[in-house]
Amino acid sequence: SIVLNTFEVKSEKIKAQIERGNLLSNGETEVGDRKTNSKSVSFGDLKEFNIILWLCIIIGALFYMLYFGFTNIGSNFLQEYYLIEYKTANDFLSIIYYIAAVGVPTFGLFVDKIGNRDMFFTVGTLSGLVAFFQFLALEQTTYSSAIILPLVLVALYYCSISSNIWSAIPMCADKRLQGTALGMFSILKNIGQALFPLLLGKVKDMSSINGYHGVLICFQIGFGCLLALVMLLRHFVAKENHHLGRGNE
């Protein structure tokens with residue numbers, strides 16, 4: 001059924017092209033006297049990305065790298081670092097998912113109403129940075145309800161950025177480059193999600209005192225880089241808006 005559905009979608013696209021004009025043998029569509037290339041975009045289009053678009057792509061990739069880097073090890077981290085039982089650790093970690101289930105669509109509505117996407121990036125990044133400072137500050141051998149607060153901040157970090165990064169990237173790109181921009185974003189995101197756990201594993205193994213202490217330091221460095229990129233993005237967005245005489249979007 002999947003194969004048949006694929007052919008059906010393709011046939012509908014070709015039918016629509018035929019109705020608009022003539023489908024040329026070299027992959028171009030002719031509408032009247034105008035020709036447009038329907039082939040897939042090349043990596044040469046990347047040189048047309050502006051600095052704001054590149055920053056959004058890198059911020060989004062780093063955001064997902066840090067978030068999934070933590071949730072992948074979250075249960076083991078809580079068990080080993082705070083000596084929490086397996087079930088209790090998973091119950092604590094589920095706080096992030098419960099909040100995200102409600103928070104992401106809610107934040108999405110606020111983003112559509114308010115705009116100021118760079119402000120939401122800032123709020124989310126600061127939430128994540130404070131959360132990992134709190135993880136470091138809490139006692140390693142005991143746990144209490146104090147652990148809930150940094151987990152809530154991690155959820156706020158996820159909601160603030162994931163609710164608008166997927167719309168921010170196309171908004172910063174020329175219409176014909178939007179697919180390429182999202183494709184590059186997905187590539188960098190997947191690379192980060194593949195390599196970051198390997199780095200965390202190496203750091204944990206090399207740490208002589210408490211492996212997760214070194215892991216938390218890695219997250220702090222990552223959030224510091226993310227915050228620097230967000231501040232740079234805000235600078236260029238403000239500069240662009242001032243040039244165009246408009247408010248933030």
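Since the model is a prediction, treat every value here as computed from it, not as a measurement.

**Observations regarding the overall build of the chain**
Here's step 1: Along the backbone of the chain there are seven helices and three strands.
Here's step 2: What you see in the chain, going N to C, is helices and strands ordered as α-β-β-β-α-α-α-α-α-α.
Here's step 3: Of all 249 residues assigned to the chain, the portion counted as buried reaches 42%.
Here's step 4: The contacts of the chain with a sequence gap of at least 6 include a subset with a gap of at least 24, amounting to 71%.
Here's step 5: Entry remark: accessible area of the chain is about 14000 Å², with carbon and sulfur atoms responsible for 62%.

**Some remarks on the side chain of threonine 122**
Here's step 1: Here threonine 122 is to be found in helix H4 (residues 117-137).
Here's step 2: Among all residues touching threonine 122, those that are not within four sequence positions of it are Val230, Met231 and Arg234.

**Some words on the nonpolar core**
Here's step 1: One finds Leu66, Phe70, Phe77, Phe132, Phe135 and Phe219 to be the most contacted residues of the largest nonpolar core, which totals 67 residues.
Here's step 2: At the level of elements, helix H2 (51-81), helix H3 (86-114), H4, helix H5 (148-172), helix H6 (178-206) and helix H7 (211-244) are the ones that each hand at least two residues to this core.
Here's step 3: The element that contributes the greatest number of residues to this core is H2, accounting for 17 residues.
Here's step 4: Apart from the residues within four sequence positions on either side, phenylalanine 132 is in contact with Phe70, Val154, Leu216, Phe219, Gln220 and Phe223.

Scoring rules and cut-offs
Residues numbered from 1 in each chain as written. Predicted model: local features only at pLDDT ≥ 70, side-chain atom pairs only at ≥ 80, totals over all residues. Heavy atoms only, no water. Helix = DSSP H or I, 4+ residues; strand = E, 2+ residues; numbered from the N terminus. Buried < 20%, exposed > 50% of the residue type's maximum accessible area, 1.4 Å probe, protein only. Contact = heavy atoms within 4.5 Å. Areas by Shrake-Rupley, 256 points an atom, 1.4 Å probe, with all protein chains shown as cover. Core = buried A, V, L, I, M, F, W, Y, C linked by side-chain atoms within 4.5 Å.

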